[in-house]
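# Geometric and topological summary
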Amino acid sequence: MRILSGVQPSGKLHIGNYFGAIRQFVELQANAANECYYFVADLHAMTTIKDGAELRANTFRVAADFVALGLDPERSVLYRQSDLPEVAELAWMLSTVTPMGLLQRGHSYKDKVAKGISPNHGLFAYPVLMAADILIVRADRVPVGKDQKQHLEMTRDIAAAFNQTYGREALRIPEELILPDVAVVPGTDGQKMSKSYGNTLEIFAPENELRKKVMSIVTDSTPVAEPKPTRGNTLYALLKVFTPEAEWPQTKKLFTEGGTGYGEIKKRLLGLILDTFGQARARREALDRDPGYVEGVLRSGRDRAREVISTVMAECRQVAGVGR
Ligand code: ADP
Ligand code: TRP
């Protein structure tokens, strides 16, 4: 089974990203029957980041973050999207068989326009580039969050249109693999944790910054001695994400029995976060001292991916009648 997924390097990874996506990527690579391809979607991020130095730095950092979080370059192929310009070439080929109406129905495009973002062609054509990412490696399964479901459907339609146009099964139609409905991780203000809300707990933030953020989690004013509400309680929800299931009944009592203040519970949460990500944080620091290592991983990822995509590109060029 060939697995592919991509992440945009649009900000610093937070614990919502980990539980919602990255943890599953790491788990998928553990199954020897899977061949996993993961990439940093820097061409996609150009639709939002207009500062070259910032984009380059973010792209590299996300790659290092992934390695630190357990993506094993021996088992998974990790690459930078822009290192394979063939992706943009295939995107063009696909755009010639993609009906305008299909893209006009895109939720994420419509949402951005509704928010008043002035649309450019890149934003409009975003799903075509994403289709190229997927089809170029002949992925069987694409693990994504629910928000990407429509993009996967578009990919399937676009692949079918290309095959139909040229009368050949040049492109493999992928299946989605919607990640199990992990509870949405709340941010420090109680809304969904998201970099766009500025309420994140960043996995690799320095410890004192993380402590400050944890201490700033919004709580109610229940006195220390009294039981604390659990429903709609951000601290409760966050603690649950980090507590091993077997320990949960005990931990839950911190809320239901009274006698423990929110400050103390926050300290426990901070401890759990540091424990959970301790190894990753240490590895991340080591990678910072050795940027050549990450660059090497990306280079070898590019070369390994190219072995696969060159066959697909040769076939697409051949059927379309472009190139030699
Ligand atoms: P953000 O909302 O911070 O911009 P992205 O949209 O880039 O995050 O999300 C990247 C991945 O992380 C997606 O697969 C998404 O489902 C997952 N994810 C993001 N925020 C959360 C959250 N608060 N809880 C669970 N999963 C999340
Ligand atoms: N659009 C995805 C997101 O915003 C990122 C992405 C780009 C992607 N290309 C992809 C995901 C290909 C899966 C497969 O999260």
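The structure presented is a predicted model; accordingly, all values stated were derived computationally and were not measured.

His14, Gly16, Asn17, Gly20, Ala21, Val184, Val185, Lys192, Met193, Ser194 and Lys195 make up every residue found near ligand 1. His14 is positioned such that a nitrogen or oxygen atom in its side chain is 2.7 Å from an oxygen atom of ligand 1. Within the backbone of Gly16, a nitrogen or oxygen atom sits 3.1 Å from a nitrogen atom of ligand 1. The protein chains hide 78% of the 540 Å² of surface that ligand 1 would expose on its own. Across the shell around ligand 1, the residue classes tally to four nonpolar, five polar and two charged.

Applying the stated rule across the entire model yields 15 salt bridges. A salt bridge links Arg2 to Glu35; the nearest nitrogen and oxygen atoms lie 3.1 Å apart. Here the residue Arg2 occupies a position in strand 1 (residues 2–7), and Glu35 occupies one in strand 2 (residues 35–40), the gap between them amounting to 33 residues. Taking the relative accessible area as the measure of exposure, Arg2 reaches 18% and is therefore buried. A relative accessible area of 36% means that Glu35 is categorised as partly exposed. The structure contains a network of salt bridges with shared partners spanning Asp65, Arg284 and Asp288.

The next thing to look at is empty space enclosed by the protein. This model, assessed by the stated rule, comprises one cavity of 30 Å³ or more. There is about 60 Å³ of room inside the largest cavity. Surrounding the largest cavity, Leu103, Gly106, His107, Ser108, Tyr109, Lys112, Leu123, Phe124, Tyr126, Pro127 and His151 form its lining. Of all the elements in the fold, those that place two or more residues in the lining of the largest cavity are helix 6 (107–114) and helix 7 (121–136). For the lining of the largest cavity, a count of residues per class yields six nonpolar, four polar and one charged.

Criteria and thresholds
Residues numbered from 1 in each chain as written. Chains lettered and ligands numbered in written order. Predicted model: local features only at pLDDT ≥ 70, side-chain atom pairs only at ≥ 80, totals over all residues. Heavy atoms only, no water. Near = heavy atom within 4 Å. Polar contact = N/O pair within 3.5 Å; in protein donor to acceptor, adjacent residues only side chain to side chain. Areas by Shrake-Rupley, 256 points an atom, 1.4 Å probe, with all protein chains shown as cover. Nonpolar A, V, L, I, M, F, W, Y, C, P; charged D, E, K, R; others polar. Salt bridge = Lys/Arg side-chain N within 4 Å of Asp/Glu carboxyl O. Helix = DSSP H or I, 4+ residues; strand = E, 2+ residues; numbered from the N terminus. Buried < 20%, exposed > 50% of the residue type's maximum accessible area, 1.4 Å probe, protein only. 1 Å grid on protein atoms, 1.4 Å probe; cavity = no way out; pocket = protein on both sides within 12 Å on 5 of 7 lines; lining within 4 Å. Points joined across faces, edges and corners; volume = space filled by probe spheres on them.

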